[in-house]
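# Overview (structure and organization)
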Amino acid sequence: MTTLTAEQITRDNVAAACQLAVEPHQKDFVAPVAVSLAEAYTQPDVAWPRLILRDGEPVAFVMGAFDPDAEFDFFRCGIWRLNVGAGVQGRGYGRFAVETVLEEARRRGNTAVTVLWLPAEGGPEDFYLKLGFRPTGQTHHGEVVGRIDL
């Protein structure tokens with residue numbers, strides 16, 4: 001039986017997290033994990049990075065963002081990044097990663113979660129729509145703002 005866990009990024013797993021890479025055709029849609037962790041380091045009160053492990057092996061990375069004072073409402077509670085490893089996509093790891101952020105959002109008392117995506121072929125739009133996110137009608141720098149109610 002496979003066990004999925006979401007772990008905090010620590011000095012013991014940061015190298016493994018940074019080695020996680022998406023499929024080559026997806027590199028235009030999401031920043032590398034190392035960039036995400038650098039952003040998390042500069043905003044530790046907002047960023048919520050987690051490494052997703054399958055039986056102890058890294059398969060995905062997700063970073064939630066929780067900033068109730070953000071200027072834009074869609075940056076107050078959301079999924080900032082999601083990277084599912086090349087070769088292991090389509091196995092539920094991305095869904096599990098998103099669920100960990102939704103669970104944390106609920107724990108913090110939020111009633112909705114947002115995510116932004118580029119509306120382009122090969123992008124993550126279909127994935128987020130299948131999970132129940134719906135476009136809000138807003139865009140930010142050409143990205144669609146999606147929202148799911150909790």
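Presented here is an overview of the structure given in this document. (Residues numbered from 1 in each chain as written. Predicted model: local features only at pLDDT ≥ 70, side-chain atom pairs only at ≥ 80, totals over all residues. Heavy atoms only, no water.)

### Some details on unusual backbone geometry
Phi at Asp55 is positive, roughly 50°, even though this residue is not glycine. Tracing the backbone shows Asp55 in the loop between β2 (47-54) and β3 (57-66). Even without a glycine there, the phi angle at His141 is positive, about 50°. Turning to its location among the elements, His141 is positioned in the loop between β6 (134-140) and β7 (143-149). (Helix = DSSP H or I, 4+ residues; strand = E, 2+ residues; numbered from the N terminus.)

### Topic: the side chain of Asn83
Inspection of the secondary structure assignment puts Asn83 in strand β4 (residues 77-84). You can call Asn83 buried: its relative accessible area is 4%. Among the polar contacts listed, one links the side chain of Asn83 to the backbone oxygen of Ala31, at a separation of 2.9 Å. Not counting residues up to four positions away in its chain, the partners in contact with Asn83 are Leu20, Val22, Val30, Ala31, Pro32, Val33, Val59, Ala60 and Phe61. (Buried < 20%, exposed > 50% of the residue type's maximum accessible area, 1.4 Å probe, protein only. Polar contact = N/O pair within 3.5 Å; in protein donor to acceptor, adjacent residues only side chain to side chain. Contact = heavy atoms within 4.5 Å.)

### Brief notes about helix α2 (residues 33-42)
Owing to its 3.6 residues per turn, the α-helix aligns residues three or four sequence positions apart on the same side. By the burial criterion, the buried members of α2 are Val33, Ser36, Leu37 and Ala40. Mapping the buried residues of α2 onto a view down its axis gives an arc of 95°, with all of them on the same face. Across from the buried face of α2, at angles greater than 90 degrees, the exposed residues are Tyr41 and Thr42. Where α2 is buried, its residues contact α1 (14-19), β2, β3 and β4. (Arc of directions from axis to C-beta.)

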